[in-house]
Amino acid sequence: MPFRVKKILAVSLVLCSLMPAFAQRRVAVLLPFGSGGAMQESMVEFYRGFLMAADSVRSLGQTLEIHALDAGANTSQLDEILRSGELREMDFVIGPGVAAQTDALADYCHRHGIRLVMPFNTPYASLPSNPSVYQAIASPEVQTQFALQLVMENFADAHFVFLKTNNYNERGVALQNALRQQLEQFGVSFSDLNVNADDLALDRAMSITRRNVILLDSPAEPALQHAAGVLKRFQDANPGYKLSLLGYPDWLERAEAYSAVFHSLDTYIFTTFYCNPLSGRTIRFRRQYKDFFHAEMPSQSPSLCMTGFDLGLALLMDNVSPLQNGYRFIQVDGQGGYVNSFVELVHYSPNRLISVIR
């Protein structure tokens, strides 16, 4: 992979092949590469993944020119880059890495007809009026909206049980209320249950003829522990009932410790990113990383390297199955910017298999 150094922390990467070339694409990766410390390490990991994605399109004959520019961690260095005019010929700009640069960069890209892809959780209030912006991480409210849509698509014929725990919090209660509204709107049956209820109340809250999808009012680990014990005892005593637990993204951080619980309760966890560390794709990617950069890929969740890889493929190729992060951009109100609507359900089935529903 040939590199040509343009300036400190600015390189141009040109990918070519003997196959007929598509129109050349110019991409600028505009991040705080020189910020030092953990932030710099994170930006480099993201960029490494993007470079691996760029290398993957060589087999398609794609020709790319990629500029990696250090935008610093404030507005002064970004302003210098914008004044230089170096971004004007770009098809995509990927950035920024800090929220303080968002408005200036988004306005610049809008004025010059450049698509700005924001890879991190950098809020941008003017998204509804700027069709040049693609926000890769939606707000928690928008993520919840898409998660509920996916739940309704897959469990429209189920009976839902809203379980009140001893560890409820605002986020969990809000999710229960939002799902309750969806169920009422579409006429799907549901019931309420307290985790401390006796066996008779448990039996009354469940449906014997439908799958019972149970949602806790908290993602907290103590709530999961208590509820899992109660539900497992009910399940063992009443094998005729079909139970499924609907889980929070937070639970994936403890997936190794709770794997047996998730499988026994037929758990579905909604999330915007997921990587199975034991899959063949993951193992091959780690090997390729080591071949590219002569180092082991850092163990972190989510992997910023995989984030950069998946985003790169989403921009440069069609119909890509994500390694970790999915990207499905839809336009806000049909006229403004674009937001990533991707969400998935990670299913821990009782037969010890893990699958993904998108």
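Here the structure is a predicted model, which means the values were calculated and not measured. (Residues numbered from 1 in each chain as written. Predicted model: local features only at pLDDT ≥ 70, side-chain atom pairs only at ≥ 80, totals over all residues. Heavy atoms only, no water.)

### A short note on the pattern of salt bridges
- Tallying each qualifying case throughout the model produces 9 salt bridges.
- Note that Arg 180 and Asp 192 form a salt bridge whose closest N and O atoms lie 2.9 Å from each other. Of this pair, Arg 180 sits in helix 5 (residues 170-186) while Asp 192 sits in strand 9 (residues 190-194), placing them 12 residues apart in sequence.
- Ionic pairing is found between Arg 358 and Glu 344, a salt bridge with its closest N-O pair at 2.8 Å. In this pair, Arg 358 is assigned in the segment after strand 16 (354-357) and Glu 344 in strand 15 (residues 344-348), connecting sequence segments 14 residues apart.
- We classify Arg 358 as partly exposed; its relative accessible area is 43%. (Salt bridge = Lys/Arg side-chain N within 4 Å of Asp/Glu carboxyl O. Helix = DSSP H or I, 4+ residues; strand = E, 2+ residues; numbered from the N terminus. Buried < 20%, exposed > 50% of the residue type's maximum accessible area, 1.4 Å probe, protein only.)

### Focus: the nonpolar core
- By size, the foremost hydrophobic cluster in this structure holds 51 residues, and its most contacted members are Phe 160, Leu 179, Met 206 and Ile 214.
- Examining the composition of this core, we find that 7 residues originate from one element, helix 7 (residues 221-237), more than from any other.
- With residues up to four places along the chain from it excluded, the contact list for Ile 214 reads Val 161, Leu 163, Met 206, Leu 231, Leu 243, Ser 244, Leu 245 and Leu 246.
- Ranked by size, the runner-up nonpolar core spans 25 residues in total, among them Phe 33, Tyr 47, Phe 50 and Tyr 134. (Core = buried A, V, L, I, M, F, W, Y, C linked by side-chain atoms within 4.5 Å. Contact = heavy atoms within 4.5 Å.)

### Focus on the confidence of the model for the protein chain
- Chain-level pLDDT for the protein chain is 91 on average; 93% of the residues reach the 70-or-more range.
- In this model residues 1-21 is a low-confidence stretch, pLDDT under 50, and it forms 57 contacts with partners more than four residues away in sequence or in other chains. (pLDDT = per-residue confidence, 0-100.)

### Section: the sheet that holds strand 10 (residues 212-216)
- What the 7 strands build is an open sheet, ordered 9-8-10-11-12-15-16; its pairing is mixed. The sheet is open, and its two edges are formed by strand 9 and strand 16, each paired on a single side. Strand-to-strand twist in this sheet, taken as the mean axis angle between neighbours without regard to direction, amounts to 25°.
- Direction of pairing for strand 12 (residues 267-271) relative to strand 15: antiparallel, over a ladder of 5 bridges. The residue bridging Ile 269 from the neighbouring strand is Val 346, located in strand 15.
- With respect to the sheet, helix 7 is in contact with strand 8 (159-164), strand 10 and strand 11 (243-247), its orientation differing from that of strand 11 by roughly 170°. (Pairing = 2+ DSSP bridges. Axes fitted to C-alpha atoms, helices over the stretch in contact; angles between N-to-C directions.)

### With respect to the layout of surface pockets
- Space inside the second largest pocket adds up to approximately 430 Å³.
- In terms of lining, the second largest pocket is formed by 19 residues, of which the most central are Ala 314, Met 317, Asp 318, Asn 319 and Val 320.
- Here the element with the most residues in the lining of the second largest pocket is helix 10 (residues 304-316); it accounts for 4 residues.
- Its residues assigned to classes, the lining of the second largest pocket comprises 11 nonpolar, 4 polar and 4 charged. (1 Å grid on protein atoms, 1.4 Å probe; cavity = no way out; pocket = protein on both sides within 12 Å on 5 of 7 lines; lining within 4 Å. Points joined across faces, edges and corners; volume = space filled by probe spheres on them. Nonpolar A, V, L, I, M, F, W, Y, C, P; charged D, E, K, R; others polar.)

### So, the environment of Ser 321
- Positionally, Ser 321 belongs in the loop between helix 10 and strand 13 (329-331).
- The class of Ser 321 is partly exposed, set by a relative accessible area of 42%.
- Along the backbone, Ser 321 and Asp 310 are 11 residues apart, and their C-alpha atoms lie at a distance of 8.6 Å.
- Setting aside its immediate chain neighbours within four residues, Ser 321 contacts Arg 281 and Arg 358.

### A short note on the packing of aromatic side chains
- Following the criterion strictly, the structure yields 16 aromatic pairs and no others.
- Ring centres of Phe 162 and Phe 190 lie 5.6 Å apart, and the angle between their planes is 70°; on these two criteria the pair is classed as edge-to-face. Taken together, the residues span a long stretch of sequence, with Phe 162 in strand 8 and Phe 190 in strand 9 at a distance of 28 residues.
- Arranged with centres 6.2 Å apart and planes meeting at 25°, the rings of Tyr 258 and Phe 262 form a pair that is stacked. Placement of the pair is Tyr 258 and Phe 262 together in helix 8 (residues 255-264), with a separation of 4 residues, close to one helical turn. For the residue pair Tyr 258 and Phe 262, the accessibility class agrees, reading buried in each case.
- These aromatic residues form a ring-pair network of at least three members: Tyr 248, Trp 251, Tyr 258, Phe 262, Phe 270 and Tyr 348.
- Arg 48 extends its terminal NZ or CZ atom over the ring of Phe 293, reaching a point 4.6 Å from the ring centre.
- Of note, Arg 180 hangs over the ring of Phe 162, and the distance from its end group to the ring centre comes to 4.5 Å. (Phe/Tyr/Trp six-rings, centres within 6.5 Å; stacked < 30°, edge-to-face > 60°. Lys NZ or Arg CZ within 6 Å of the ring centre and 35° of its normal.)

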